[in-house]
Protein chains: 2
Amino acid sequence: MENRELSELLSAHFAAWEHMSAIEQKQMLTNADLISYTQGITVYNGENDCVGFMIIKSGRLRVYMLSEEGKEITLYRLDHGDMCILSASCVLSSITFDVHIEAEENTDVFVVGSVKFAELIKNNIYIECFSYKLATDRFSDVMWAMQQILFMSMDKRLAIFLWDELAKSEGDVIHITHEQVARYIGSAREVVTRMLKYFAGEGIVELSRGGIKVIDKGKLRKLTL
Amino acid sequence: MENRELSELLSAHFAAWEHMSAIEQKQMLTNADLISYTQGITVYNGENDCVGFMIIKSGRLRVYMLSEEGKEITLYRLDHGDMCILSASCVLSSITFDVHIEAEENTDVFVVGSVKFAELIKNNIYIECFSYKLATDRFSDVMWAMQQILFMSMDKRLAIFLWDELAKSEGDVIHITHEQVARYIGSAREVVTRMLKYFAGEGIVELSRGGIKVIDKGKLRKLTL
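Residues numbered from 1 in each chain as written. Chains lettered and ligands numbered in written order. Predicted model: local features only at pLDDT ≥ 70, side-chain atom pairs only at ≥ 80, totals over all residues. Heavy atoms only, no water.

**Section: the environment of Phe199(A)**
Residue and element names in this part refer to chain A. By the element assignment, Phe199 lies in helix H7 (residues 189–201). By relative accessible area, Phe199 is classed as buried at 0%. What Phe199 contacts, discounting residues up to four positions off in sequence, is Asp155, Leu158, Ala159, Leu162, Ile204, Val205, Leu220 and Leu223. (Helix = DSSP H or I, 4+ residues; strand = E, 2+ residues; numbered from the N terminus. Buried < 20%, exposed > 50% of the residue type's maximum accessible area, 1.4 Å probe, protein only. Contact = heavy atoms within 4.5 Å.)

**Considering the interface of chain A and chain B**
Chain A puts 33 residues into the contact, and the matching count from chain B is 33 residues. When the two sides are added together, the surface that chain A and chain B hide from each other amounts to roughly 3200 Å², 76% of it contributed by carbon and sulfur. Viewed at the interface, chain B and chain A are joined by zero salt bridges. Linking chain A with chain B are nine residue pairs in polar contact (both at pLDDT 80 or more). Put simply, the parts of the chain that give the side of chain A that touches chain B at least two residues each are strand S4 (61–66), strand S5 (72–78) and helix H4 (125–151) of chain A. (Buried area = accessible area lost by both parts, 1.4 Å probe. Salt bridge = Lys/Arg side-chain N within 4 Å of Asp/Glu carboxyl O. Polar contact = N/O pair within 3.5 Å; in protein donor to acceptor, adjacent residues only side chain to side chain.)

**Overview of the domain arrangement of chain A**
Where interface size is quoted, it is often the accessible area lost as the parts come together. Residue and element names in this part refer to chain A. Taken domain by domain, chain A comprises domain 1 (2–149) and domain 2 (152–224). When domain 1 packs against domain 2, close to 930 Å² is buried across both sides, 41% of that on carbon and sulfur atoms. In terms of surface lost to domain 2, no three residues of domain 1 exceed Glu72, Gln148 and Ile149, which account for 46% of the buried area on that side. On the surface where domain 1 and domain 2 come into contact, there are zero salt bridges. (Domains from an automatic or database assignment.)

**Section: the pattern of salt bridges**
Scanning the entire structure with this criterion turns up 24 salt bridges over all chains. Measuring nitrogen to oxygen at the nearest pair gives 3.7 Å for the salt bridge that ties Glu5(A) to Lys57(A). Of this pair, Glu5(A) sits in helix H1 (residues 2–13) while Lys57(A) sits in strand S3 (residues 52–58), placing them 52 residues apart in sequence. When its relative accessible area of 28% is taken as the criterion, Glu5(A) is described as partly exposed. For Asp141(B), the salt bridge identified is with Arg138(B), shortest N-O distance 2.9 Å.

**Looking at the environment of Gly210(A)**
Residues and elements named next belong to chain A. Here Gly210 lies in the loop between strand S10 (205–208) and strand S11 (211–214). C-alpha separation for the pair Gly210 and His175, spaced 35 residues apart in sequence, amounts to 6.0 Å. If we skip the residues at most four places from it in the chain, Gly210 touches Ile174, His175 and Ile176.

**Quick notes on helix H4 (residues 125–151) of chain B**
All names here are of chain B. Helix length check: H4, at 27 residues, gives a terminal C-alpha distance of 38 Å against a target of 39 Å (1.5 Å per residue), a fit within 8%. By the criterion of burial, H4 is predominantly enclosed, with 20 of the 27 residues buried. Where H4 starts, the residue carrying a side-chain oxygen 2.8 Å from the main-chain nitrogen of Tyr126 turns out to be Asn124. (Expected span 1.5 Å × (residues − 1).)

**Some details on the state of the cysteines**
This model, assessed by the stated rule, comprises two disulfides over all chains. Note on cysteine connectivity: Cys50(A) is disulfide-linked to Cys90(A), with sulfurs 1.7 Å apart. Looking down the S-S bond of the Cys50(A) and Cys90(A) bridge, the torsion is -80 degrees, so its handedness is left-handed. Separated by 40 residues along the polypeptide, Cys50(A) in the loop between strand S2 (42–45) and S3 and Cys90(A) in the loop between strand S6 (83–84) and strand S7 (100–103) bring together distant segments of the chain. Counting only cysteine sulfurs, Cys129(B) is the nearest neighbor of Cys129(A), a cysteine outside any disulfide, at a range of 4.3 Å. On the accessibility criterion, Cys129(A) (3% relative accessible area) is buried. (Disulfide = S-S within 2.5 Å.)

Here it is as structure tokens:
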């Protein structure tokens, strides 16, 4: 059952799949574990960690950088069907940095262990090629995040974040704390709170204990442009 | 002559070279142009630009991001034997961002045009694979730069920059303006000048019209750690 689900995921998203022999496909399937991560848990810990190749069955992972002082920068998120190669960074010699990954929701992930994945890569250039291609996809995500963090003014960053969250929410309320917002956009809670109050003053949002209610989507949208 | 030099560069640095047929190798060699860029000139302009694959013969290129307001962030530098794939970003579908490149010194570069390079990639998985591997190498460089810019305190950043420049200079004087330092480390000139004056006060450097003289390497080194 798991096997069939994984097989479908891989043939849909893992572009090297069609270039793999039946034996290789079977090796990948039988060496994958389905792991369930509870919301909030650390999936991958950067340094000295090399879990393996991941493909997300359900839920959501957040990939971020962490400074020595504990400051976080969100790089990107991974949803159903997305694959994570940075969690197998030890397999690819060109990846010389580390990231952290947490489960943003309850998340089910198929994991192919590093040793097995390294073996597959070693014997099939298409798998290696696809792995580096995946890394390059993430490079593009990170460059986008960098652009946002380094160049954009705070109000724009916050507006874009709220706009994205709104699209994922049911209704107009985003259930999130200011602390969480700050972590996601790489800022400080005080700065987020101040900016949210400013947004409230402008009639864009209403703040409550439960979260942030967007009351003027048009104005919010304008700020994101 | 050019041909032989390029051939040597490629066989030493372009790891896919040994997996290319004699015909492919010849196609790559005959389709490469040697281009000379004067110091300070823009080599690559981001958006709507797709020069091709580059391998640096001599000199130095600086790759940076540019905000709408003209703020620059240096991502990494390329020297003799280094290759640039982001200047052929149109060839690799996974690269969805743009960078800018300038010649930091007088620089000679062999360039294989995008159309030809795309053709080579299309017909040889090893070339494609190596191209994505190169992109991933640069990903690692960018993550390093991000770590520096986002997480490090200014004094440490400046110290690391001076330390690196010192290693490349003859003697103890770094010939550079505060404005240039600011651009390289992604800061403002005022901030750099203030910090340099602080360094001078600490007896680490001496400031003059011609540049920055390091007078206490031990102290400077300590700041970089």
